Amino acid sequence: QVQLVESGGGLVQAGGSLRLSCAASGNSIRFNAMGWYRQAPGKQRELVTTITSGGNTVYADSVKGRFTISRDNAENTVYLQMNSLKTRNTAVYYCNARINIIMRDYWGQGTQGIVSS
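This write-up is about the structure you can find in this document. (Residues numbered from 1 in each chain as written. Predicted model: local features only at pLDDT ≥ 70, side-chain atom pairs only at ≥ 80, totals over all residues. Heavy atoms only, no water.)

### Some remarks on the packing of aromatic side chains
Our working rule: Any pair of Phe, Tyr and Trp rings, taking the six-membered ring for Trp, is counted once the centres come within 6.5 Å. Such a pair is stacked with planes under 30 degrees apart, edge-to-face with planes over 60 apart, and tilted for the rest. Helical segments are the DSSP runs of H or I of at least four residues, strand segments are the runs of E of at least two, and each set is numbered from the N terminus. Only protein chains enter the accessibility calculation, which uses a 1.4 Å probe; a residue whose area is less than 20% of its type maximum is buried, one above 50% is exposed, and one in between is partly exposed. Both a distance and an angle decide whether a charge sits over a ring: NZ of Lys or CZ of Arg must be within 6 Å of the ring centre and within 35 degrees of the ring normal.
Here the structure, examined in full by the defined rule, presents two aromatic pairs. Between Phe31 and Tyr106 the ring centres are 6.1 Å apart and the planes differ by 70°, which places this aromatic pair in the edge-to-face class. With Phe31 in the loop between strand E3 (18-24) and strand E4 (33-39) and Tyr106 in strand E10 (residues 104-107), this residue pair connects regions lying 75 residues apart in the sequence. Of the two residues, Phe31 and Tyr106, both sit in the buried class. Geometrically, the ring pair formed by Tyr37 and Trp107 is edge-to-face, given 5.0 Å between the ring centres and 70° between the ring planes. Of this pair, Tyr37 sits in strand E4 while Trp107 sits in strand E10; the two residues are 70 residues apart in sequence, bridging distant segments of the chain. Taking the ring centre of Tyr94 as reference, the NZ or CZ of Arg45 above it sits at 3.7 Å.

Written as structure tokens, this is what we have:
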């Protein structure tokens, strides 16, 4: 059974940084893509960024230049470095991992990131 465990959320002032981590259990599993989504209060969950096993990345326009995703394929771990945070970045951040061949998405439990003014 696949489990994704996030860590690294917390409270930070606007302009500060947070680094999120997500470790997937099951080292024998190879995910085609891993990434981060977020859900702000009263809003729908939205894509933040994804990265393929080959290192190709996609970013939401709102985070380009401020957020960086990286991945350790050997450890099945994905990271999100968030810099120059804004209050509107306050959200629960969810880790996602995808296996294309079985069209299956796995989700973490979410980690709260709060950006204060």
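Once the structure has been displayed, the description carries forward.
### Things to note about the side chain of Asn89
Rules: We define a polar contact as two N or O atoms separated by no more than 3.5 Å, with the added condition that, inside protein, one atom must be a possible hydrogen donor and the other a possible acceptor, whereas residues neighbouring each other in sequence contribute only through side-chain atom pairs. Residues are treated as being in contact if the distance between any of their heavy atoms lies within 4.5 Å.
Mapped onto the elements of the fold, Asn89 is located in the loop between strand E8 (77-82) and strand E9 (91-99). Here Arg66 takes part through its side chain, which lies 3.1 Å from a polar atom of the side chain of Asn89. Excluding anything up to four places from it in sequence, Asn89 contacts Arg38, Arg66, Phe67, Gly113 and Val115.

### Considerations on the pairing of strand E7 (residues 67-72)
Condition: Whether two strands pair depends on DSSP finding at least two bridges between them.
Burial of the side chains of E7 is restricted to one face: Phe67, Ile69 and Arg71 are buried, whereas none of Thr68, Ser70 and Asp72 on the reverse face is. Two elements, E7 and E8, share six bridges in a ladder whose sense is antiparallel. Across the sheet, Phe67 pairs through a bridge with Met82, a residue of E8. In this structure, the hairpin formed by E7 and E8 is closed by a connection of four residues, where Asn76 is found at a positive phi of approximately 50°.

### What about the sheet that holds strand E1 (residues 4-7)?
Whether parallel or antiparallel, the strands of a sheet pair through hydrogen bonds between backbone atoms. Our working rule: All axes here are fitted lines through C-alpha atoms, helices being fitted over the stretch that makes contact, and every angle between N-to-C directions spans 0 to 180 degrees.
The strand order E1-E3-E8-E7 describes an open sheet built from four strands, whose pairing is antiparallel. Of all the strands in the sheet, just E1 and E7 have a single pairing partner and so form its edges. Taking the axes of each pair of neighbouring strands and ignoring which way they run, one obtains an average angle of 15° across the sheet.

### Overview of the nonpolar core
Put simply, the rule is: Nine residue types can take part in a nonpolar core, namely buried Ala, Val, Leu, Ile, Met, Phe, Trp, Tyr and Cys, and a core is a set of them joined through side-chain atoms within 4.5 Å.
Judged by nonpolar contacts, the single largest core of 28 residues is most densely connected at Trp36 and Tyr93. Secondary structure elements with two or more residues in this core: E3, E4, strand E5 (46-52), E7, E8 and E9. Broken down by element, the residue count for this core peaks at five residues, all from E9. Those residues in contact with Tyr93 that sit more than four places away from it in its chain are Glu6, Leu20, Trp36, Tyr37, Arg38, Val48, Phe67, Leu80, Met82, Gly110, Thr111 and Gly113.

### What to know about unusual backbone geometry
Non-glycine residue Asn76 carries a positive phi angle of around 50°. For Asn76, a relative accessible area of 1% gives the class buried. One non-glycine residue, Ser84, lies in the positive phi region at around 50°. Given the relative accessible area of 39%, Ser84 is considered partly exposed.

### Remarks on the pattern of salt bridges
Worth spelling out the cut-off: Just to be clear on terms, a salt bridge is a Lys or Arg side-chain nitrogen sitting within 4 Å of an Asp or Glu carboxyl oxygen.
One pass over the full model with this rule turns up three salt bridges. The salt bridge partner of Glu46 is Arg38, with a shortest N-O separation of 2.8 Å. One salt bridge in this structure joins Lys64 and Asp61, with 3.0 Å as the shortest N-O distance.

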